[in-house]
Structure formats: structure tokens, C-alpha cells
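A closer look at the structure
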Amino acid sequence: IRRIFPGLIILIIICVPAFSLILSPDHLVNFSQSALSNLFFIPNIYYWTQSNYFDLSSNFKPLLHTWSLGVEFQFYFIWPIFLFFIYKLTKKKYLLYFIFILIIILSIILLEILIKKGPVFEVDGFLYGKFVKDTIFYLTPLRMHEFIFGALLAINLNRFNNNLLNEIIFFIGLLLIFFSSIIINEKYYFPSTISLIPLFGTFLIIFAQKAKLFGYVL
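Conventions we followed
Residues numbered from 1 in each chain as written. Predicted model: local features only at pLDDT ≥ 70, side-chain atom pairs only at ≥ 80, totals over all residues. Heavy atoms only, no water. Helix = DSSP H or I, 4+ residues; strand = E, 2+ residues; numbered from the N terminus. Expected span 1.5 Å × (residues − 1). Buried < 20%, exposed > 50% of the residue type's maximum accessible area, 1.4 Å probe, protein only. Contact = heavy atoms within 4.5 Å. Salt bridge = Lys/Arg side-chain N within 4 Å of Asp/Glu carboxyl O. Phe/Tyr/Trp six-rings, centres within 6.5 Å; stacked < 30°, edge-to-face > 60°. Core = buried A, V, L, I, M, F, W, Y, C linked by side-chain atoms within 4.5 Å.

Overview of helix α7 (residues 144-155)
For α7, spanning 12 residues, the distance from its first C-alpha to its last is 16 Å, which sits close to the expected 16 Å at 1.5 Å a residue. Within α7, 9 of the 12 residues are buried, leaving the element largely enclosed by the surrounding structure. Those residues of α7 not exposed but buried are M144, H145, E146, I148, F149, A151, L152, L153 and I155. Residues of α7 that are buried sit in contact with α4 (67-89), α5 (93-117) and α9 (196-207).

Below you can see the structure in the form of C-alpha cells.
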């Protein structure tokens, strides 16, 4: 809350009077609901519930980009509880690595299964009418694996001291991100298997944070 709320509150304070003058009454109602959803930590869920065939254009959703804050909030609430129970079972790092990597693999498998159900859910009324692309994009459980890449870095702070090796790893990470920015477009579901490319790229850059040359580039 201390990290995210100050900027968020200022954003909402600035946007409310500005968009009260610009938006039509119907769009203003939706805007107000999206602002409230942020204060209750659920903007991603709000935008997901609005997602259907009759959804508004994103041009009329000034706070649409705050969906990611909802995912962050929910992860930060869930993850400590999850870790508490995991540490009750084991504190051995190799088992933690195994559990985290297993979660990533299972998460990607689940994503691919859901994608094959698309483009719209029609499973015995379950989430009927919801687009698969929006569901996997907005909902926190389907984005947990992205955070777990960070968790793998957090539980192991050991890094290489060889600067040349760090530069190479850093460069590979940059290449993966650059490559993904070229090949990933609107035809792909995201997140999915394809999202592993920029995830690995980011992972490598953070891991090789001691790289001096490419560090200066950034």
C-alpha cells in the first residue's frame, strides 16, 4: 500500500475532475466504478467483468492501465500466505526451486488448456460469454508464474562475479526482450508459452545486474 497507493491516489485525484468534463454520463459512471475498484484492490477483476462482446472501447477507459496494480495487490496478499505454508513444509532451497518451477510449468499448461477452449468460454455455463484472451490477461492466478520468476531471483541472491559473463547474460536478456517485441503481436494470446521469451529476458537482466557496460546502457 505504501509503495503503490500514493501515486495511485494522486492519479485518481487528477483524473476525476478532468474526465468529469470530458466523458459522457455513461462513460463517467464506468470511469467512477473503475476508480473505486482501484481503492478496493480489484481493478483487474473489474475490467475483466466488463470484458464481453458489448464492451466499451479502451479509449473510454482512462484508468485501464491500472489493471496491473490489481494483479500486484492480489499477488502481494496471496504470496506471503503461500510462502508461510511452504516454509512449514521445507526450508531447503532446492525444494523451493522445484516447487516454484513446478508452479510455472503447471501455470503454462493451464494457460494453454484455456487457450484451446477459446476464443469464448462455453464450458457448461462456466464463465459463459467471457473471452479467453481477456480472462488469462486480467486474472491474477493466471499471471502468478510471472511473479514467480522474480521469486526465484529473490530466494537466491548469489550472482556471478565475472563481469564478462554478466555482460553476456545481460546481452542475451536484452536480445530476448527485443526479439519478443518484434514477434509478439495481437494474434498471440498473452500470457501463454510465447510470454516465456520476455520473461526469461527480464530474468537474465536482473540476474546479471552486476554487468557494468550494459548497466550503463540502461
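A few points about the pattern of salt bridges
Overall, the coordinates contain 1 salt bridge when judged by the stated rule. The residue R143 makes a salt bridge to E146 at a minimum N-O spacing of 2.8 Å. Residue R143 shares its accessibility class with E146, and that shared class is buried.

As for the packing of aromatic side chains
Summed over all chains, the structure comprises 20 aromatic pairs. With centroids separated by 5.8 Å and ring planes inclined at 75 degrees, the aromatic side chains of F5 and F73 adopt a geometry described as edge-to-face. Of this pair, F5 sits in helix α1 (residues 5-22) while F73 sits in helix α4, placing them 68 residues apart in sequence. Pair check on accessibility: F5 and F73 agree, each one buried. An aromatic cluster of three or more residues is present, and its members are F75, Y76, W79, F82, F100 and F147.

Quick word on the nonpolar core
If you look at the biggest cluster of nonpolar residues, it comprises 42 residues, and the most contacted ones within it are Y47, L63, W79, F100 and I136. Listed by contribution, the elements that provide at least two residues to this core are α1, α2 (25-39), α3 (43-49), α4, α5, α6 (132-138), α7 and α9. Apart from residues lying up to four places away in sequence, L63 is in contact with L11, I12, C15, F31, S34, A35, N38 and Y47. Grouped together as the second largest cluster of nonpolar side chains are 8 residues, L153, I205, A211 and F214 included.

A few points about α4
Over its 23 residues, α4 extends 33 Å from the first C-alpha to the last, a length consistent with the 33 Å expected when each residue adds 1.5 Å. Summarising the contacts, the buried residues of α4 are in contact with α1, α2, α3, α5, α6 and α7.

Regarding the side chain of H145
When you line up the elements, H145 lands in helix α7. Leaving out residues up to four positions away in the same chain, H145 has contacts with I104, S107, I108, L111, P191, S195 and L199.

Let's talk about the environment of R143
Checked against the element boundaries, R143 lands in the loop between α6 and α7. Taking the C-alpha atoms as reference, R143 lies 9.4 Å from I108; in sequence the two are 35 residues apart. When near neighbours in sequence (up to four residues on either side) are disregarded, R143 contacts W67, V71, I136, F137, F190 and P191.

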